[in-house]
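Chain residues, written in single-letter form:
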Amino acid sequence: GAVVSQHPSRVICKSGTSVKIECRSLDFQATTMFWYRQFPKQSLMLMATSNEGSKATYEQGVEKDKFLINHASLTLSTLTVTSAHPEDSSFYICSASSETRESPQYFGPGTRLLVL
Amino acid sequence: QKEVEQNSGPLSVPEGAIASLNCTYSDRGSQSFFWYRQYSGKSPELIMFIYSNGDKEDGRFTAQLNKASQYVSLLIRDSQPSDSATYLCAASDSNYQLIWGAGTKLIIKP
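Residues numbered from 1 in each chain as written. Chains lettered and ligands numbered in written order. Predicted model: local features only at pLDDT ≥ 70, side-chain atom pairs only at ≥ 80, totals over all residues. Heavy atoms only, no water.

Further remarks concern the packing of aromatic side chains. Per the counting criterion, the structure on display carries ten aromatic pairs over all chains. Judged by centre distance (4.5 Å) and plane angle (40°), the rings of Tyr-25 of chain B and Phe-33 of chain B are tilted. Residue classification places Phe-33 of chain B among the buried residues on the basis of a relative accessible area of 1%. Ring centres of Phe-49 of chain B and Tyr-51 of chain B lie 6.3 Å apart, and the angle between their planes is 20°; on these two criteria the pair is classed as stacked. When its relative accessible area of 19% is taken as the criterion, Phe-49 of chain B is described as buried. Grouping aromatic residues by their ring pairs yields a cluster made of Tyr-36 and Phe-107 of chain A together with Tyr-36 and Trp-100 of chain B. If you follow Arg-112 of chain A out to its NZ or CZ, it ends over the ring of Phe-91 of chain A, 4.2 Å from the centre. For Arg-60 of chain B, the ring lying beneath its charged end belongs to Phe-61 of chain B, and the centroid distance is 5.5 Å. (Phe/Tyr/Trp six-rings, centres within 6.5 Å; stacked < 30°, edge-to-face > 60°. Buried < 20%, exposed > 50% of the residue type's maximum accessible area, 1.4 Å probe, protein only. Lys NZ or Arg CZ within 6 Å of the ring centre and 35° of its normal.)

What follows is the structure, given as structure tokens:
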């Protein structure tokens, strides 16, 4: 199956700092990448959808200036949490798809963010 | 409002039995359907996908799709304790975005 990596797997930072999370599709070209957030014992929540070379589409209620997404190539997307606060602490998961009917979303292993 | 509905469970099944997980969706335009497994603290892992009416089998797993009834199911034969997880059903809309169910927690009892 398709492999998606995510880095870092875990990060602890101080309030007010920015954190960058990388998502890479290792063995296929991902025309679309998705960023999700999941709080403990809750469902996946889609934050944004990004297509290579274009601006990300954010879900309602997600601040685009706080969660910066860049999808510079067909294998790499980054999510930057700017001026992180303790309420941003969560499990951030990316997924990638080659956007055909037969192509599912393949998930990265996730990044656990803790903001102190 | 496009929705995918699942019973949250937990669904408790004895080891070796068949676990049956069900899902309904509201958007008749949905073309593809996916089952993911998510262990606690981990990201979702693709189990199967299906886009034609009928059954699709892969090892111990069988996905069933009935577009007329807008119903998708996942059967797990010979259930193992390692199958204990939350199972997420998702339907793909015309923009390839997944509409997620809230998941069913499955517990396989030894």
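Now, onward.
Right, let's talk about the pairing of strand S3 (residues 19–25) of chain B for a bit. Residue and element names in this part refer to chain B. Of the two faces of S3, the one holding Ala-19, Leu-21, Cys-23 and Tyr-25 is buried and the one holding Ser-20, Asn-22 and Thr-24 is not buried anywhere. Strand direction decides the pairing type here: strand S1 (residues 4–5) and S3, joined by two bridges, are antiparallel. Counterpart to Glu-5 in the pairing with S3 is Thr-24. Judged from the six bridges that link them, S3 and strand S8 (residues 71–76) form a sheet pairing that is antiparallel. For Leu-21, the partnering residue across the bridge sits in S8 and is Leu-74. (Helix = DSSP H or I, 4+ residues; strand = E, 2+ residues; numbered from the N terminus. Pairing = 2+ DSSP bridges.)

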